[in-house]
Amino acid sequence: MPVSSPSTRALWQQELAGAVRNPEMLCERLGLGDDLRIAAARAAKLFPLLVPESFLARMQRGNPDDPLLRQVLPLDAEFTEVSGFVADPVDDDAARKAPGLLQKYAGRALLITTGACAIHCRYCFRRHYPYAEEPRQLADWEPAFQAIEDDASLQEVLLSGGDPLMLTDARLSAFLDRLETIPHLKRLRIHTRLPIVLPSRVTTDLIERMQTSRLTVFVVLHANHPSELVGDCADMVRQLVRSGITTLNQAVLLRGVNDDIASLTMLCERLIDLGVLPYYLHQLDRVQGAAHFAVSDEVGVSLVYELRRRLPGYAVPEFVREVAGAASKLPVVV
Ligand SMILES: *Cc1c(COP(=O)(O)O)cnc(C)c1O
Ligand code: SF4
């Protein structure tokens, strides 16, 4: 019997299989014009389109400027070469300690658990990452686990990707089982956009596995706009928070998506209303094909300054950028 026939696949896997991958179909579903449809088909060849139905359902029909659509719609602007926008803007290559293991900062290391995501964000800094070179079978991860075991200074492991929640519950649990055997590890962080874009991924089994870990688990979500935090997504995020798992959010400052004070204020308010702490607002990594999303440091800093005037201190994210070779993410200052 096939291992993943539709009937044996989890609901979230079925929903993912039915996600929209065809740019023409996306434009047709949203009632967008031919010019966008043709450009989208062209630019999708640079990085394929992928958007789950749940996320699509939160977009406004007939609005080419919808902030959720802007994050996923391939545009001709992606072909523009802009100096300073490169394939590996954060120098992941230099931080590779073992296949699938990156370490840039003291006390914490990051596992690239999978190259897969449930959505393709056009501004993604890993859109050119050589995922094909990373391990696939669990046994192939052993050198990475061994490197973590050999470095007693590591207290925390971050699961990243791609999106670590793209792994099945069984595979994820096997990762956790192995990490839990390493005595000096205390904390586990899961960086994921799945509760936002494919809320059905947050299963009771998943929550239970995180709750029962020997490690203290943090979930770091990735939502950029308040319109993402509605409906099934808001319900699932609330469930996650109520289960007792500390949940943070990081957003990316994106032109045409959230570079206005009303959107950012409402994003932070919705997050804290759900019990999620805004952690970082990232300055865009300068990846090739994403220059049209760039917002200047001056504008970013003044937006965050204004947020501080409007919101409780715990609702204001730190505005940071990643600088290759630096010992931490750095606050953006002008
Ligand atoms: C961003 C990042 C981290 C996490 O940094 P924090 O400031 O602790 O959130 C850890 N490792 C790598 C490789 C990173 O890129
Ligand atoms: S979910 Fe994260 S890793 Fe995946 S495409 Fe979006 S930004 Fe990139």
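This is a predicted model, so every value here is computed, not measured. (Residues numbered from 1 in each chain as written. Chains lettered and ligands numbered in written order. Predicted model: local features only at pLDDT ≥ 70, side-chain atom pairs only at ≥ 80, totals over all residues. Heavy atoms only, no water.)

Peer 1: Now, about the packing of aromatic side chains: what can you tell me, with residues and values included?
Peer 2: Under the definition given, this model contains four aromatic pairs. Measuring from centroid to centroid gives 5.8 Å for Tyr 123 and Phe 293, while their planes differ by 85°, and the two rings are edge-to-face. In this pair, Tyr 123 sits in the loop between β3 (108–112) and α6 (142–149) while Phe 293 sits in the loop between β8 (277–282) and α12 (297–310), placing the two residues 170 residues apart along the sequence. Ring geometry for Tyr 279 against Tyr 280: centres 4.0 Å apart, planes inclined by 20°, an arrangement best described as stacked. The exposure class of Tyr 280 is buried, given its relative accessible area of 15%. (Phe/Tyr/Trp six-rings, centres within 6.5 Å; stacked < 30°, edge-to-face > 60°. Helix = DSSP H or I, 4+ residues; strand = E, 2+ residues; numbered from the N terminus. Buried < 20%, exposed > 50% of the residue type's maximum accessible area, 1.4 Å probe, protein only.)

Peer 1: Please set out the site of ligand 2 residue by residue, giving values where relevant.
Peer 2: Ligand 2 sits among Cys 117, Ile 119, Cys 121, Cys 124, Gly 162, Arg 193 and His 222. Among the cavities detected, the one that contains ligand 2 is the largest pocket. For the shell around ligand 2, a count of residues per class yields four nonpolar, two polar and one charged. (Near = heavy atom within 4 Å. 1 Å grid on protein atoms, 1.4 Å probe; cavity = no way out; pocket = protein on both sides within 12 Å on 5 of 7 lines; lining within 4 Å. Sits in = over half its atoms within 2 Å of the grid points. Nonpolar A, V, L, I, M, F, W, Y, C, P; charged D, E, K, R; others polar.)

Peer 1: Can you explain the sheet that holds strand β1 (residues 96–98)? Please cite residues and give values.
Peer 2: Overall, mixed pairing links the 10 strands, which are arranged β1-β2-β3-β4-β5-β6-β7-β8-β9-β10 in an open sheet. In this open sheet, the two edge strands, each paired with only one partner strand, are β1 and β10 (330–331). Packing of helix α7 (residues 169–180) onto the sheet brings it into contact with β3, β4 (156–160) and β5 (187–191), and relative to β4 it is tilted by some 165°. Sheet strands touched by α12: β8 and β9 (318–321). Its angle to β9, the strand with the most contacts, is close to 160°. (Pairing = 2+ DSSP bridges. Contact = heavy atoms within 4.5 Å. Axes fitted to C-alpha atoms, helices over the stretch in contact; angles between N-to-C directions.)

Peer 1: Tell me about the site of ligand 1, residues and numbers included.
Peer 2: Lining the immediate surroundings of ligand 1 are Lys 104, Tyr 105, Arg 108, Leu 110, Leu 158, Arg 189, Tyr 279, Tyr 280, Glu 322 and Lys 329. Here an oxygen atom of ligand 1 and a side-chain polar atom of Lys 329 are 2.9 Å apart. Placement of ligand 1 is best described as lying within the largest pocket. Elements supplying a minimum of two residues to the shell around ligand 1: β2 (101–105), β3 and β8. (Polar contact = N/O pair within 3.5 Å; in protein donor to acceptor, adjacent residues only side chain to side chain.)

Peer 1: Which residues make up empty space enclosed by the protein, and what values go with them?
Peer 2: Going through the model one piece at a time under the given rule, you end up with one cavity of 30 Å³ or more. Taken as a whole, the largest cavity encloses approximately 50 Å³ of empty space. What lines the largest cavity is simply Asn 249, Gln 250, Ala 251, Leu 264, Leu 267, Cys 268, Leu 271, Pro 278, Tyr 280, Leu 281, Leu 307 and Pro 317. Secondary structure elements with two or more residues in the lining of the largest cavity: β7 (246–252), α11 (261–273) and β8. For the lining of the largest cavity, the leading source of residues is α11, giving four residues. Considered class by class, the residues forming the lining of the largest cavity number 10 nonpolar, two polar and no charged. (Points joined across faces, edges and corners; volume = space filled by probe spheres on them.)

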